[in-house]
Amino acid sequence: MKARYKYRIYPNHVQIKKFNQLFGCCRYVWNQSLAYCNQLYSNGIKKPSYTDLTKQFITQAKKDLLWLKEVASTPLQQSLKDLDQAYKNFFNSCTGKRKGIKVQPPKFKSRKSRQTARFVGANYQINPDKIYLPKVGKIKIVWSRPLATQPTSVTIIRDSANRYFASFVVETNSEFLPKTDNSIGIDLGITTFATLSNGEKILAPKPLKRNLKKLAKFQRKFAKTEPGSKRRERHRLTIAKLHGKIKDIRTDFLHKLSTDLVRKYDTIVLEDLNVSGLIRNRKLAKAISDLGWRQFRTLTEGKCEKYDKEFRIINRWEPTSQKCSCCGFKGGKKELNVREWTCLNCGTFHDRDINAAINILEVVQPTTKVKTIETKVLDNPVQLSLFNVVAEGQPETEQKRTWRKRQTCCKKEADFSDVSTRPESFVQLSLFD
């Protein structure tokens with residue numbers, strides 16, 4: 001299996017200029033090739049192959065554009081390979097060969113967003129404290145952990161906060177952790193990030209919520225600056241650094257939590273949540289995005305595959321919050337503000353999140369539940385009523401019978417010549433004599 005190792009690098013001022021030139025050349029090749037493919041598509045012509053694009057936008061373009069020769073050719077070729085792969089993913093998604101969410105067609109790259117350039121083969125060298133890249137030089141790198149094997153490629157990344165990273169792709173083998181014979185069901189929430197089926201609750205750091213005031217302050221200052229000014233770029237960089245810090249806190253929490261769960265349990269069960277649909281709720285979008293549910297699922301699934309653990313996903317339509325985990329009785333849909341409830345069948349008091357986590361685990365590993373129901377047959381069945389005794393102290397059934405007898409006795413054929421069809425004994429009363 002393939003794994004990615006990411007490290008922080010610190011280029012000097014000369015190397016930063018060379019990186020900016022490299023990113024600009026890769027972006028130019030991508031955008032020109034994409035514009036050419038879109039023009040052919042509008043004319044009804046099939047998209048050219050990777051080889052044809054390489055000849056036109058790298059080999060022939062270097063004759064006219066001399067600045068393309070000042071950077072390494074490998075990242076330019078990888079840029080066209082990425083474009084070709086993006087088109088394949090888009091076509092496979094349209095025809096149904098690629099499962100999951102539909103892939104959008106490739107878009108143009110901007111110099112204001114995240115920049116990347118990939119080196120493959122023997123074009124780079126790894127040293128104890130530096131890495132060498134062609135036409136860039138030796139760059140200082142901080143090895144936070146050793147590489148598992150010799151990498152197959154390295155991608156240079158510059159994020160929006162102007163931080164530089166080197167991402168290596170290596171081939172790794174599955175590692176084996178000692179078996180614990182334990183299984184766990186996890187219910188993800190907003191107030192409590194994860195509730196385990198054993199009753200343990202894990203809170204999230206929520207870094208965005210904690211830094212909202214500081215972020216709003218920086219954004220107000222950014223809004224007052226003029227477009228294109230140095231002051232605006234300086235404030236933009238401040239906001240980007242804060243967003244980078246928020247992202248690092250969230251990623252660190254998710255990595256530590258997923259690693260701890262994989263080490264403790266052999267089987268991990270999660271619920272298939274429609275995160276992209278839940279984010280459309282304007283009241284919960286910010287809170288859900290601050291938690292990182294999808295990233296947690298991706299990290300846990302990858303680490304289960306790496307350490308030979310079982311990872312299961314249940315259907316999102318399972319009534320985990322509606323069903324009692326003790327007797328299996330379905331009490332119906334409950335509002336989000338109902339955090340505790342009592343089962344109407346067995347009388348068990350439930351915590352909503354813990355009950356849902358237990359039900360998530362039971363979908364994969366069902367437990368046998370014994371139900372004891374006492375039945376008693378009566379010789380003379382009695383009809384029950386909400387009120388056993390009504391007016392005058394008589395049972396409800398007896399009063400109905402007497403009322404029916406009175407009605408039958410008072411029946412009389414109506415005479416249309418009379419003014420009234422009431423009985424003759426009826427006397428009309430008046431307030432005044």
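Now for a quick tour of the structure.

The rules behind these values
Residue positions are counted from 1 within each chain, in the order its sequence is given. For a predicted model such as this one, the threshold for reporting local features is a pLDDT of at least 70, and the threshold for listing and counting side-chain atom pairs is 80 or more; totals across whole chains, interfaces and linings nevertheless cover every residue. Heavy atoms throughout the structure, all of them, feed into the side-chain values; hydrogens and water do not. Centre distance within 6.5 Å is the pairing criterion for rings of Phe, Tyr and Trp, where only the six-membered ring of Trp is used; planes under 30 degrees apart are then read as stacked, over 60 as edge-to-face, and the remainder as tilted. Runs of H or I in DSSP of at least four residues are treated as helices and runs of E of at least two as strands, each being numbered from the N terminus. A simple rule labels every residue: compare its accessible area, found with a 1.4 Å probe on the protein chains alone, to the largest value its type can have, and call it buried under 20%, exposed over 50%, or partly exposed in between. Residues forming no salt bridge and having over 30% relative accessible area are the ones grouped into patches, like charges within 9 Å of each other and nonpolar side chains (Val, Leu, Ile, Met, Phe, Trp, Tyr) within 5 Å. Throughout, the Shrake-Rupley method with a 1.4 Å probe supplies accessible areas, and for residues the shown protein chains are the sole cover considered. One side-chain nitrogen of Lys or Arg within 4 Å of one carboxyl oxygen of Asp or Glu is enough to make a salt bridge. This count recognises Lys and Arg as positive and Asp and Glu as negative, with His and chain-terminal groups excluded. To locate a charge, take atom NZ for lysine, CZ for arginine, CG for aspartate or CD for glutamate. Here, strands pair whenever DSSP counts at least two bridges between them. A 1.4 Å probe that fits but cannot get out identifies a cavity on a 1 Å grid over protein atoms alone, an open set with protein on both sides within 12 Å along at least five of seven lines counts as a pocket, and a residue lines either if it has an atom within 4 Å of a point. Grid points are joined across faces, edges and corners, and a volume is the space filled by probe spheres set on the points. Side-chain atoms within 4.5 Å link the members of a nonpolar core, which is a set of buried Ala, Val, Leu, Ile, Met, Phe, Trp, Tyr and Cys residues. We call two residues in contact whenever any of their non-hydrogen atoms come within 4.5 Å of each other. Under this scheme, a helix contributes an axis fitted over its contacting stretch, all axes are lines through C-alpha atoms, and angles between N-to-C directions fall in the 0 to 180 degree range.

## What about the packing of aromatic side chains?
Considering all chains together, one arrives at eleven aromatic pairs under this definition. Aromatic pair Y7 and W143: ring centres 4.9 Å apart, planes at 65°, arrangement edge-to-face. Pair noted here: Y7 is in strand β1 (residues 2-10) and W143 is in the loop between β5 (137-142) and β6 (153-158), with a separation of 136 residues, a long-range link. Among the residues examined, Y7 registers a relative accessible area of 1% and is labelled buried.

## Observations concerning a positive patch on the surface
On the surface, a cluster of positive charge is made up of K214, K217, R220, K221, K224 and K245. For the positive patch, the element with the most residues is helix α6 (residues 212-223), which contributes four residues. Looking at where K224 falls in the secondary structure, it is placed in the loop between α6 and α7 (230-264). Accessibility expressed as a relative area gives 71% for K224, which makes it exposed.

## Examining the pairing of strand β11 (residues 267-271)
As a general feature of sheets, a regular strand has side chains that alternate between the two faces. Where burial is concerned, most of β11 is hidden: five out of the five residues are buried. Residues T267, V269 and E271 point to one face of β11 and I268 and L270 to the other, with burial holding for every one of them. One ladder, built from three bridges, connects strand β8 (residues 183-188) with β11; its direction is parallel. When the sheet's bridge partners are listed, I184 is paired in β11 with I268. Summarising the sheet, β11 and strand β12 (residues 310-314) pair through five bridges and their orientation is parallel. Bridging from a neighbouring strand, L270 pairs with I313 of β12.

## Some details on empty space enclosed by the protein
In the structure shown here, the tally under the stated rule is one cavity of 30 Å³ or more. Of the volumes computed, that of the largest cavity is approximately 30 Å³. For the largest cavity, the full set of lining residues is F193, A204, P205, K206, P207, R250, F253, D290 and L291. Residue assignment for the lining of the largest cavity shows that the elements contributing at least two residues are α7 and α9 (285-291).

## A few points about the nonpolar core
Counting residues in each nonpolar core, the largest one holds 37 residues, and the members touching the most others are F19, L133 and I156. In terms of residues, this core owes the most to one element, helix α1 (residues 13-42), which gives nine residues. For F19, the residues in contact, after removing those within four places along its chain, are P11, L133, V136, I139, I156 and Y164. By size, the runner-up hydrophobic cluster in this structure holds 25 residues, among which are I184, L257, I268 and Y307.

## Overview of the sheet that holds strand β4 (residues 130-133)
Overall, antiparallel pairing links the seven strands, which are arranged β2-β6-β7-β1-β5-β4-β3 in an open sheet. The strands lining the two open edges of the sheet, one partner per strand, are β2 (115-120) and β3 (125-126). As defined by bridge partners, β6 adjoins strand β7 (residues 164-171) across six bridges and the pair is classed as antiparallel. Bridge pairing in β7 links R158 to Y164. Relative to β2, α1 is tilted by about 90°, and along the sheet it contacts β2, β4, β5, β6 and β7.

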